[in-house]
Amino acid sequence: MGERVKDENANPLAAQLEPELRDAVCRWLCWDQNPKTRAEIKKLLVNGQKSELCDRLCHRLAFGTAGLRSTMGAGFSFINDLTVIQTTQGLLKYLESCFTDLKQRGVVVGYDTRAQETSGCSSKKLAQLTAAIFLDKCIPVHLFSLYVPTPFVPFAVRKLHATTGVMITASHNPKEDNGYKVYWENGAQIGAPHDKAILQSIEDHLEPWQNSWNDQLSDTSPLRHDPFINICTVYMEDLKKMCFYRELNRKTSLKFVHTSFHGVGHEYVRSAFKAFDLAPPIPVPEQQDPDPEFSTVKVPNPEEGESVLKLSLQLAEKEGARIVIATDPDADRLALAEQQDGKSWKIFSGNELGALFGWWLYTCWKNKGPKMVDIKNVYMLATTVSSKFLQSLATKEGFQFEETLPGFKWIGNRVYQLMQNGKEVLFGFEESIGFMCGTTVIDKDGVSAAVIAAEMAVYLESKELTVAKQLQNIYETYGYHISKTSYFKCLSPSTMQRIFQQLRNYGAENQYPSFCGSYEIVHIRDVTTGYDSSQLNKISLLPVSKSSQMITFTFLNGCVATLRASGTEPKLKYYAELCAAPGQSDTARLREELDKLIDAMVTYFLEPGKNGLIARSV
């Protein structure tokens, strides 16, 4: 190995670089055995692209809200064979320090269908490399033989009593991206202190081990097990427990169109419909099969609304289907649209679906028979940037509501704690169309959400109600919750940092704003620093998250608004909500007031023109 490093240092082009960059180039060319990514770095070196080389090689990936996620390509800051090998080596060494029975329990590895020809990276190849590293150290690996939805990995971790799970996916990100998502033995995404400890372990084990490139082990090792058939079967059997109106499902004439956005979801959603005795959903032919190019959409994210649902809506009109359900490429998120009066379509926001699922799951729980569980031990959860509708529902009905920081790792780990303490959790959600219905999977799950939403629609149809009408009914009962969420693209991390630092030093050092235009601010919570002016000791009840940027403003008019840097994409997100008392129906005034306040936040706090922010567009 030393001779190879010496040979690369002898490269006259590398010798002309600054020491830090030269060493990084030499390490890459020494360690990388993927000919395409090696060639990519060599080309940058030959062309003298020092800045690009520095961006790719002098920075490393860090764990965000969903593990690792970045562009596929060459470099230590990208997702590729080498960085996945390094990550897996670090993860393995950390697991050895945590589990004395690692060689008995093993790990679970799954993958989606992403691939990139230019770098030779694919989710399947990265999963095989991940598995091979564990197998080489005599650790059993449950490696799925076919692509699966992301929620199947945490489900398998718990069912197989594995120590951890790895899912290779970038969910709904652009086609250029991929990721490495890690679940702990409890079936929840990793959080503190594991995330930081794993990152340090990766840094301590960067050089590939002797057999780390031997991905053939994933096919030949006797310690490799294929959980595909078993997990698919058991998942669907467990899902049947969430079916409450099987006879209605069998009789309904309601039709559904489903799109999987060129991802993994369609066959699994189809199986879920079968488990509920529903007729199979009608697939969107152009989007039914996996396609790493995501050829029919600008971005494979159903959260973007009508512009990306165009083919689904057209097919639904042609087939006479009133409901469209959409799962994102790794099938952990769900979008839903409903035709109104045979004309226009209503595309439900994540907050609206959260309200509907909350009402539905509570109603089903209440109606399913005598209760052995005190309602005070029943819980629902939502992230702090999501609608507070569940809080209103809980207050009126008597169960418990909790909020967490953004990201399902916070919901999942809190749900596990509650379950360990004998509590029953009915539902958890985040506004970005992520829903956990029951605790079959303690992570967001688009497959279960899809079929549960379908059964809800069937039930409502039997009562001569649309989903949209029922949403209005529950708002009238529990209070209208008018919310709005969007984002600006912010491609510069320094710009993102500057915006939030300006808010912490607004007009004077260590002083937050007291007004936003003409809107008075009564409380501020900054989870990045742990400050909360609404608490007597000024300390936030939510955990401090120094690695993220998030500030929440409570206004005199009752609006609660949050500015947050996304943990997985270069986006500056904003969230705002106004709530009305039950029976109050002047929603037009509330919407107008909310729009004006958001305009003021954008103008005074974000200053898009000055900061070069790019408004949301698809």
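Residues numbered from 1 in each chain as written. Predicted model: local features only at pLDDT ≥ 70, side-chain atom pairs only at ≥ 80, totals over all residues. Heavy atoms only, no water.

Here's the deal with the overall build of the chain
For clarity, the cut-off: Helix and strand assignments follow DSSP, with helices taken as H or I runs no shorter than four residues and strands as E runs no shorter than two, numbered in order from the N terminus. Atoms counted for the radius of gyration: C-alpha only. Globule rule: 2.2 Å times residue count to the power 0.38. In this scheme, a residue with accessible area under 20% of its type's maximum is buried, one over 50% is exposed, and one in between is partly exposed, where area comes from a 1.4 Å probe on protein chains only. A contact between two residues is defined here by any heavy atoms of the two lying within 4.5 Å. Accessible surface area values rest on a Shrake-Rupley calculation with a 1.4 Å probe, where residue burial reflects the displayed protein chains alone. The positive count covers Lys and Arg only, the negative count covers Asp and Glu only, and His and the chain ends enter neither. Here the site of a charge means NZ on Lys, CZ on Arg, CG on Asp, or CD on Glu.
Of regular secondary structure, the chain possesses 24 helices and 25 strands. Whereas a compact globule of 618 residues would reach a radius of gyration of roughly 25 Å, the chain reaches 25 Å, a difference of no more than 12%. Relative to its full complement of 618 residues, the chain shows a buried share of 57%. Put simply, 69% of the contacts in the chain that link residues at least 6 apart link residues at least 24 apart. About 24,900 Å² of surface is accessible on the chain, with carbon and sulfur atoms providing 49% of the total. The chain carries 67 positive and 71 negative side-chain charges, and their two centres are separated by 2 Å.

Remarks on the packing of helix α3 (residues 19-31) against helix α4 (residues 35-46)
Filter applied, for reference: Lines are fitted to the C-alpha atoms to define the axes, a helix being fitted only along its stretch in contact, and any angle between axes, read from their N-to-C directions, falls within 0 to 180 degrees. For classification purposes, angles smaller than 35 degrees are called roughly parallel, those larger than 145 roughly antiparallel, those between 65 and 115 roughly perpendicular, and all remaining angles oblique. Crossings are classed by handedness, with left-handed meaning an anticlockwise turn of the near helix from the far one by less than a right angle and right-handed meaning a clockwise turn.
For the pair α3 and α4, the least separation of the axes is 9 Å and the interaxial angle reads 150°. In terms of orientation, α3 and α4 fall into the roughly antiparallel class. Handedness of the crossing formed by α3 with α4: left-handed. Packed against α3, whose contacting residues are Val25, Trp28, Leu29 and Cys30, the element α4 presents Thr37, Arg38, Ile41, Lys42 and Leu45 at the interface.

Describing the pairing of strand β9 (residues 256-259)
Heads up, the condition is: Strand pairing is assigned whenever DSSP identifies at least 2 bridges connecting the two strands.
Residues Phe256 and His258 line one face of β9 and the alternating positions Val257 and Thr259 line the opposite face, and both faces are buried. Judged from the four bridges that link them, β9 and strand β11 (residues 323-327) form a sheet pairing that is parallel. When the bridges of β11 are listed, threonine 259 appears paired with alanine 326. Both β9 and strand β10 (residues 282-283) contribute to a ladder of two bridges, which runs parallel. Bridge pairing in β10 links valine 257 to isoleucine 282.

Digging into the sheet that holds strand β7 (residues 177-184)
The six strands are arranged β1-β7-β6-β2-β5-β8 in an open sheet whose pairing can be described as mixed. Where the open sheet ends on each side, the last strands, each with one partner, are β1 (68-71) and β8 (224-225). Sheet strands in contact with helix α8 (residues 123-136) are β2 (107-111), β5 (141-143), β6 (164-168), β7 and β8, and its direction is about 165° off that of β2.

Focus on the sheet that holds strand β17 (residues 434-437)
Two modes of strand pairing occur in sheets, parallel and antiparallel, and in both the strands are linked by backbone hydrogen bonds. Strands sit in the order β15-β14-β16-β17 across an open sheet of four strands; the sheet is mixed. With one partner strand each, in any of the chains shown, β15 (400-404) and β17 form the two edges of the open sheet. With strand direction ignored, the average angle separating the axes of adjacent strands in the sheet is 15°. For strand β14 (residues 378-383) and strand β16 (residues 424-430), the ladder comprises five bridges, and the chain directions are parallel. Its bridge partner lying in β16, leucine 381 is registered against glycine 428. Packing of helix α17 (residues 350-367) onto the sheet brings it into contact with β14, β16 and β17, and relative to β16 it is tilted by some 170°.

Thoughts on the pattern of salt bridges
Threshold: Salt bridges are counted wherever a side-chain nitrogen of Lys or Arg sits within 4 Å of a carboxyl oxygen of Asp or Glu.
Tallied over the full model, the rule gives 31 salt bridges. As a salt-bridge pair, glutamate 96 and lysine 93 come within 3.1 Å of each other at their nearest N and O atoms. Of this pair, glutamate 96 and lysine 93 both sit in helix α6 (residues 81-98), three residues apart, which is roughly one turn of that helix. Judged by relative accessible area, glutamate 96 falls into the partly exposed class, the value being 34%. On the basis of relative accessibility, which here comes to 32%, the residue lysine 93 falls in the partly exposed class. In this structure, lysine 484 and aspartate 595 form a salt bridge, with 3.3 Å as the shortest nitrogen-oxygen distance. One end of the pair, lysine 484, is in strand β18 (residues 481-489); the other, aspartate 595, is in helix α23 (residues 587-606), and 111 residues separate them in sequence. In the salt-bridge network here, residues are joined through shared partners; they are Lys181, Asp332, Glu430 and Lys444.

What about helix α22 (residues 493-504)?
Note the threshold: How far a helix is expected to stretch is found by multiplying one less than its residue total by 1.5 Å.
If you check α22, its first and last C-alpha atoms are 17 Å apart, about what 12 residues at 1.5 Å a residue would give, namely 16 Å. Every buried residue of α22 is accounted for by Thr495, Met496, Ile499, Phe500, Leu503 and Arg504. Contacts made by the buried residues of α22 are with β20 (519-526), β22 (550-555), β23 (560-565), β24 (571-579), α23 and α24 (608-611).

Describing the environment of lysine 124
Within the secondary structure layout, lysine 124 lies in helix α8. Residues lysine 124 and lysine 241 lie 117 residues apart in sequence; the distance between their C-alpha atoms is 32 Å. Not counting residues up to four positions away in its chain, the partners in contact with lysine 124 are Tyr111 and Asp112.

Regarding the packing of aromatic side chains
So the rule is basically this: Pairs were defined over the aromatic rings of Phe, Tyr and Trp, the Trp ring being its six-membered one, requiring ring centres within 6.5 Å. Orientation was assigned from the angle between planes: stacked under 30 degrees, edge-to-face over 60, tilted for the rest. We call a charge positioned above a ring when the Lys NZ or Arg CZ atom is no farther than 6 Å from the ring centre and deviates by at most 35 degrees from the ring normal.
In the structure shown here, the tally under the stated rule is 27 aromatic pairs. A network of ring pairs unites the aromatic residues Phe152, Phe155, Tyr235 and Tyr268 as a single cluster. A cation over a ring is seen here: lysine 137 above tryptophan 209, with NZ or CZ 4.8 Å from the ring centre. One Lys or Arg, lysine 571, reaches over the ring of tyrosine 487 and ends 4.0 Å from the middle of that ring.

Here we look at the confidence of the model for the chain
The test is simple: Confidence of the prediction at every residue is given by pLDDT, a number between 0 and 100.
Per-residue confidence for the chain averages 93 on the pLDDT scale, and 96% of its residues sit at or above 70. Ignoring residues within four places in sequence, the model shows residues 1-10, a span with pLDDT below 50, making 15 contacts including any to other chains.

Some thoughts on the pairing of β2
Among the five residues in β2, five count as buried, and that is most of the element. As defined by bridge partners, β2 adjoins β5 across three bridges and the pair is classed as parallel. Paired with valine 107 across the strands is valine 141, a residue of β5.

Regarding the nonpolar core
Going by this rule: Put simply, a nonpolar core is a bunch of buried Ala, Val, Leu, Ile, Met, Phe, Trp, Tyr and Cys residues held in one set by side-chain atoms that sit within 4.5 Å of each other.
Counting 131 residues, the largest nonpolar core has Phe357, Phe427, Phe555 and Leu563 as its most contacted members. Those residues in contact with phenylalanine 427 that lie beyond four places of it in its chain are Gly354, Phe357, Gly358, Leu361, Tyr379, Met380, Leu381, Leu390, Phe435, Met436 and Cys437. Residues Leu44, Phe76, Phe134 and Ile190 belong to the second largest nonpolar core, which totals 57 residues.

Side note on the side chain of aspartate 332
Examined against the element boundaries, aspartate 332 turns out to sit in the loop between β11 and β12 (334-339). A relative accessible area of 0% means that aspartate 332 is categorised as buried. With residues near it in sequence (within four places) discarded, aspartate 332 still touches Thr150, Pro151, Ser171, Lys181, Lys444, Asp445 and Gly446.

Examining helix α21 (residues 467-478)
Definition in use: Think of the arc as the fan of directions from the helix axis to the C-beta atoms.
For α21, with 12 residues, the first-to-last C-alpha span of 16 Å sits near the 16 Å given by 1.5 Å per residue. All of the buried residues along α21 are Val467, Ala468, Gln470, Leu471, Ile474, Tyr475 and Tyr478. For α21, the arc enclosing every buried residue in end-on projection is 160°, short of the 170-degree limit, so these residues lie on one face. At the C-terminal side of α21, glycine 479 shows a positive phi close to 105°.

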